[in-house]
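So you can see what is in the structure, the chains are spelled out below.
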Amino acid sequence: ANPSDRAIAGMLGQILLDADQPERAVAVLRPLAAAPGAAPEVRFALGHACLTLGDTAGAEAALIPLALQHSEAPALLAQIVEKHLRAHDAARAVEVMEKVKTAFVQAARPRDFLALTERIPAAARNVVPYLEFEAHLYEEMNLDTQAARALQRLFDLHAAEGNFQKAADSLDRQVALD
């Protein structure tokens, strides 16, 4: 396709998204985003439209590769993770975070990844698999205070569930930080 045609179609997709017509935006943007050399703005708009529609898989596919390229992509990725956590799909939330973490670590930007994790509301993060991910992340980055907080929340959750062995393991890890 002609580059100017792609540019016009990309603008149309963004206009449709801005006009609260995400279904039509996805229809316009998906073929553009799939084309070789698709502009990051097109892929971002597609990810945003997919997220608006509740299509987290489509949003992930468009936004994860943009985590380092588009300044607003991390905010939408945090929303995706929050949606998974609120839908009680912590495994999927952790999977998304692992993919994004890999990109940030390979780019030598682990602190930027840490900022992304902090965009996710604490209430949504209060589930065992995600807290395990978070505790390991903080331990890897030698952020003992944050790791201790995550491990304390893990302890509390395990104890509330009556899983005293895992609660004790969390406490042991917390003590080992000091």
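For clarity, every value in this text was computed on a predicted model and none was experimentally measured. Position numbers for residues count from 1 along each chain, tracking the sequence in the order it is written. A pLDDT threshold of at least 70 governs which residues receive local features in this predicted model, and a stricter bar of 80 or more applies before side-chain atom pairs are shown or counted, although totals over entire chains, interfaces and linings include all residues. Side-chain measures were taken over the full set of non-hydrogen atoms in the model, leaving aside hydrogen atoms and water.

Peer 1: Explain the pattern of salt bridges to me, please; I cannot follow it from the model alone.
Peer 2: Think of it this way: side chains of opposite charge can pair up when their charged atoms draw near. When a carboxyl oxygen of Asp or Glu is within 4 Å of a side-chain nitrogen of Lys or Arg, the pair counts as a salt bridge. The final tally for this structure, using the stated rule, is 11 salt bridges. Ionic pairing is found between Arg 92 and Glu 95, a salt bridge with its closest N-O pair at 2.4 Å. In this pair, Arg 92 and Glu 95 are both assigned in helix 6 (residues 90–106), three residues apart and thus about one turn of the helix distant. Between Asp 112 and Arg 109 there is a salt bridge; the shortest N-O distance is 2.6 Å. Three labels apply to residues, based on accessible area from a 1.4 Å probe with only protein chains included: buried if under 20% of the type maximum, exposed if over 50%, partly exposed otherwise in between. A relative accessible area of 31% places Arg 109 in the partly exposed class. Here the residues in one salt-bridge network are Glu 60, Arg 92, Glu 95 and Lys 99, joined through shared partners. Secondary structure elements are defined from DSSP: runs of H or I of at least 4 residues count as helices, runs of E of at least 2 residues count as strands, and each element is numbered from the N terminus.

Peer 1: Any chance you could explain the packing of helix 2 (residues 22–34) against helix 3 (residues 40–53) here in plain terms?
Peer 2: Angle between the axes and distance between the axes: these two values describe a pair of packed helices. Here helix 2 crosses helix 3 at 145 degrees, and the two axes come no closer than 9 Å. In the crossing of helix 2 with helix 3, the sense of the turn from one axis to the other is left-handed. Contacts between helix 2 and helix 3 involve Pro 22, Glu 23, Ala 25, Val 26, Leu 29, Arg 30, Leu 32 and Ala 33 on the former and, on the latter, Val 42, Arg 43, Ala 45, Leu 46, Ala 49, Cys 50, Thr 52 and Leu 53. For this scheme, ten residues count as nonpolar: Ala, Val, Leu, Ile, Met, Phe, Trp, Tyr, Cys and Pro. Four count as charged, namely Asp, Glu, Lys and Arg, and the remainder, Gly too, count as polar. Tallied by class, the residues present in the contact of helix 2 with helix 3 amount to 12 nonpolar, one polar and three charged. Angles shown run from 0 to 180 degrees and are taken between the N-to-C directions of axes, each axis being a line fitted to C-alpha atoms and, for helices, limited to the stretch in contact. Crossing handedness follows the turn of the near helix against the far one: under a right angle anticlockwise gives a left-handed crossing, and clockwise gives a right-handed one. Any pair of residues with heavy atoms lying within 4.5 Å of one another is described as a contacting pair.

Peer 1: Is there a simple way to think about helix 9 (residues 128–140) in this case?
Peer 2: Turn by turn, an α-helix covers 3.6 residues, leaving residues three or four places apart pointing in a common direction. Residue count minus one, scaled by 1.5 Å, sets the expected span of a helix. Taking 1.5 Å per residue as the helical rise, helix 9 with its 13 residues ought to reach 18 Å, and the 18 Å between its terminal C-alpha atoms agrees with that figure. Residues of helix 9 that are buried: Tyr 130, Leu 131, Phe 133, Glu 134, Ala 135, Leu 137 and Tyr 138. As for helix 9, its buried residues are in contact with helix 5 (73–86), helix 6, helix 7 (110–117), helix 8 (122–125), helix 10 (144–160) and helix 11 (164–177). Looking one or two places after helix 9, you find Asn 142, whose phi comes out positive at around 60 degrees.

Peer 1: In this structure, what is going on with the environment of Leu 137? I would like to understand it.
Peer 2: Within the secondary structure, Leu 137 is located in helix 9. Linking Leu 137 and Ala 147, residues 10 residues apart in sequence, is a C-alpha distance of 7.9 Å. If we ignore the near neighbours within four places in the chain, the residues touching Leu 137 are Lys 101, Phe 113, Leu 114 and Thr 117.

Peer 1: Would you mind showing me how to read unusual backbone geometry here?
Peer 2: Negative phi is the rule for most residues except glycine; trans is the rule for most peptide bonds. In this structure, Asp 20 is a non-glycine residue whose phi angle is positive, near 60 degrees. Structurally, Asp 20 can be placed in the loop between helix 1 (3–18) and helix 2. Of the residues examined, Asp 20 reaches a relative accessible area of 61% and is grouped as exposed. Phi is positive for His 88, close to 60 degrees, though the residue is something other than glycine. With respect to the element layout, His 88 can be found in the loop between helix 5 and helix 6. Judged by relative accessible area, His 88 falls into the exposed class, the value being 74%.

Peer 1: I tried to follow the layout of surface pockets on my own but got confused; where do I start?
Peer 2: Where empty space is left becomes clear once a probe the size of a water molecule has been rolled over the atoms. Using a grid of 1 Å spacing that covers the protein atoms alone, one calls a set of points a cavity when a 1.4 Å probe fits there but cannot get out, and a pocket when the set is open and has protein on both sides within 12 Å along at least five of seven lines; lining residues are those with an atom within 4 Å of a point. Grid points are joined across faces, edges and corners, and a volume is the space filled by probe spheres set on the points. In this structure, the largest pocket encloses a volume near 200 Å³. Taken together, 15 residues make up the lining of the largest pocket; nearest its centre are Arg 6, Ala 7, Gly 10, Ala 39 and Val 42. Elements with a minimum of two residues in the lining of the largest pocket: helix 1 and helix 3. No other element matches helix 1, which puts six residues into the lining of the largest pocket. Residue composition of the lining of the largest pocket, grouped by class: 10 nonpolar, three polar and two charged.

Peer 1: Would you take a moment to explain the nonpolar core for this structure?
Peer 2: Within soluble globular proteins, side chains that are nonpolar generally end up buried alongside one another. Here, nonpolar core refers to any group of buried Ala, Val, Leu, Ile, Met, Phe, Trp, Tyr and Cys residues whose side-chain atoms link them within 4.5 Å. In terms of nonpolar packing, the biggest core is built from 54 residues, with Leu 63 and Val 100 touching the most fellow members. Apart from residues no more than four positions distant in its own chain, Val 100 is found in contact with Ile 64, Ala 67, Leu 77, Phe 113 and Leu 116.

Peer 1: Quick question: what am I supposed to make of a nonpolar patch on the surface here?
Peer 2: To count toward a patch, a residue needs a relative accessible area over 30% and no salt bridge; like charges are then connected within 9 Å, while nonpolar side chains (Val, Leu, Ile, Met, Phe, Trp, Tyr) are connected within 5 Å. The Shrake-Rupley method, run with a 1.4 Å probe sphere, supplies the accessible areas, and residue values consider only the shown protein chains as cover. On the surface, Ile 8, Met 11 and Ile 15 cluster together to form a nonpolar patch covering roughly 320 Å² of accessible area. Take Ile 8: it is sitting in helix 1. Taking the relative accessible area as the measure of exposure, Ile 8 reaches 52% and is therefore exposed.

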